[in-house]
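# Examination of the molecular architecture
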Amino acid sequence: MGFLYVPQQLFKDFTQPGSDRFSLLLKMLAGFKLDPHIINMAGSRHICISSPNKSSREPINVLIAHYDCVPGSPGANDNAAAVFQLVHSALGLKKDRKYGWH
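Here goes a summary of the coordinates provided. (Residues numbered from 1 in each chain as written. Predicted model: local features only at pLDDT ≥ 70, side-chain atom pairs only at ≥ 80, totals over all residues. Heavy atoms only, no water.)

This next bit is on helix H2 (residues 21-31). Side chains three or four residues apart in an α-helix point the same way, a direct result of the helix having 3.6 residues per turn. All buried positions along H2 are accounted for by Arg21, Phe22, Leu24, Leu25, Leu26, Met28 and Leu29. Elements in contact with the buried residues of H2: helix H1 (8-15), strand E1 (37-41), strand E2 (44-48) and helix H3 (80-95). The positive-phi residue at the C-terminal boundary of H2 is lysine 33, with phi of around 60°. (Buried < 20%, exposed > 50% of the residue type's maximum accessible area, 1.4 Å probe, protein only. Helix = DSSP H or I, 4+ residues; strand = E, 2+ residues; numbered from the N terminus. Contact = heavy atoms within 4.5 Å.)

Here we come to the pairing of E1. Note: E1 against E2, 5 bridges, orientation antiparallel. When the sheet's bridge partners are listed, histidine 37 is paired in E2 with cysteine 48. (Pairing = 2+ DSSP bridges.)

For the rest of this paragraph, the subject is the packing of aromatic side chains. Evaluated as defined, the whole model comprises 0 aromatic pairs. Taking the ring centre of phenylalanine 22 as reference, the NZ or CZ of arginine 45 above it sits at 3.7 Å. (Phe/Tyr/Trp six-rings, centres within 6.5 Å; stacked < 30°, edge-to-face > 60°. Lys NZ or Arg CZ within 6 Å of the ring centre and 35° of its normal.)

Moving on: unusual backbone geometry. Phi angles above zero are rare outside glycine, and aspartate 35 is one such case at about 50°. Classification of aspartate 35 as exposed rests on a relative accessible area of 56%. In this structure, alanine 42 takes a positive phi of about 50° despite not being glycine. As for its position among the elements, alanine 42 is in the loop between E1 and E2. By relative accessible area, alanine 42 is classed as exposed at 86%.

Following both chains from N to C, one finds H1 and H2 inclined at 155°, their axes separated by 9 Å at the closest point. The orientation of H1 with respect to H2, classified from their angle, is roughly antiparallel. When the axes of H1 and H2 are compared, the crossing they make is left-handed. Touching Leu10, Asp13, Phe14 and Thr15 of H1 are Arg21, Leu24, Leu25 and Met28, all from H2. Counted by class, the contact of H1 with H2 contains 5 nonpolar, 1 polar and 2 charged residues. (Axes fitted to C-alpha atoms, helices over the stretch in contact; angles between N-to-C directions. Parallel < 35°, antiparallel > 145°, perpendicular 65-115°, else oblique. Left-handed = near helix turned anticlockwise from the far one by under 90°. Nonpolar A, V, L, I, M, F, W, Y, C, P; charged D, E, K, R; others polar.)

This part covers a nonpolar patch on the surface. On the surface, Ile60, Val62 and Ile64 cluster together into a nonpolar patch covering about 320 Å² of accessible area. Residue isoleucine 60 is classed as partly exposed on the basis of its relative accessible area, which comes to 40%. (Patch = residues over 30% accessible without salt bridge, like charges linked within 9 Å, V, L, I, M, F, W, Y side chains within 5 Å. Areas by Shrake-Rupley, 256 points an atom, 1.4 Å probe, with all protein chains shown as cover. Salt bridge = Lys/Arg side-chain N within 4 Å of Asp/Glu carboxyl O.)

Purely spatial values, then, with no claim about function.
Here it is in structure tokens:
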């Protein structure tokens, strides 16, 4: 499938401490036409994208990563790489018309 092109400014904004990652991620997913929806559970907001499910017997595969950032957390910007890798995977699954994933 190649590389996921993410505008440099969007990635920079996403990785800035204190950024509104929720809004930035929603904007990016909508821009890629991945139809994001918001799920509210126990006072927390979650973003979900999914494929159409061709049959009720088809297994569902869930791809998940946390997008929020905890001040002072260690690592490569607190999971930003995993978030962008999942977006890349979702685009590939959509392009290849794979079904049964969220």
